[in-house]
Amino acid sequence: MNAPSPVDATLTALRSSPADPEDGRCVRVPAELGTFFGRPLKLRLDTRPPEPGRGCLSTLALWVVGRLPTPEPPPPSAADLDLARFVLTRLSDLLPQAERALFERLAGEDADGHAPPAEWVEPEIWICRSLQTVTGRPQLWSLLTGESGEYELSYDINFDGAELRDVGATG
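Residues numbered from 1 in each chain as written. Predicted model: local features only at pLDDT ≥ 70, side-chain atom pairs only at ≥ 80, totals over all residues. Heavy atoms only, no water.

Moving on, we come to the overall build of the protein. The helix and strand tally for the protein stands at five helices and six strands. A buried classification covers 42% of the 171 residues belonging to the protein. Sequence separation of 24 or more characterises 59% of the internal contacts of the protein that already satisfy a separation of 6 or more. Approximately 9,000 Å² of the protein is accessible, and the part contributed by carbon and sulfur atoms is 54%. (Helix = DSSP H or I, 4+ residues; strand = E, 2+ residues; numbered from the N terminus. Buried < 20%, exposed > 50% of the residue type's maximum accessible area, 1.4 Å probe, protein only. Contact = heavy atoms within 4.5 Å. Areas by Shrake-Rupley, 256 points an atom, 1.4 Å probe, with all protein chains shown as cover.)

So, in structure tokens, the structure goes:
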């Protein structure tokens, strides 16, 4: 019997990983599928639904500060897993796009305030069902990374399927 492919093994691990009410399910992506500036990736799947009458981010903020009870996230749906498979099977094309987009973003900013890629930490693929539901765009996902050091900035490289949409920063 053949061993499962790295994509299938990652999706199996994702389905069986415990769900953290605040962070969803998270697994390591095998390096053979890709790395971000040489750093290993995680795949995070957040299946929490949006709170009725509230936007995705305001609901998340209320859960984080404890003003709403944090519900147990539902299991991954077929659509969640299909999007995860879509992303994982295309990482060799998507990661170079993401790296170029981040470099272009940084080129337009003060280079002294940014750590070199070797100091970037915790890159992860983030699939958020709530964000997809609120926006009506079921193929949205992001590649998130952060900088270590004094500034502690984080960047989100946002995709709609295989289309790079934008690069955002928070800090």
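Next comes the rest of the description.
If you check helix α4 (residues 91-107), its first and last C-alpha atoms are 24 Å apart, about what 17 residues at 1.5 Å a residue would give, namely 24 Å. Among all positions of α4, only Leu91, Leu94, Leu95, Ala98, Glu99, Ala101, Leu102 and Leu106 are buried. An end-on view of α4 places all buried positions within 165 degrees of arc, on one side of the element. Looking at α4, the residues exposed on the side facing more than 90 degrees away from the buried face are Ser92, Asp93, Glu104 and Ala107. (Expected span 1.5 Å × (residues − 1). Arc of directions from axis to C-beta.)

This structure, assessed with the given rule, holds three aromatic pairs. Ring centres 4.8 Å apart and planes at 70 degrees place the aromatic pair Phe36 and Phe37 in the edge-to-face group. Relative to Phe103, the ring of Phe37 has its centre 5.2 Å away and its plane inclined at 85 degrees; by these criteria the two rings are edge-to-face. Taken together, the positions of Phe37 in the loop between β1 (25-28) and β2 (42-46) and Phe103 in helix α4 put the pair 66 residues apart, joining distant regions of the chain. Cluster of aromatic residues (ring-pair linked, three or more members): Phe36, Phe37 and Phe103. (Phe/Tyr/Trp six-rings, centres within 6.5 Å; stacked < 30°, edge-to-face > 60°.)

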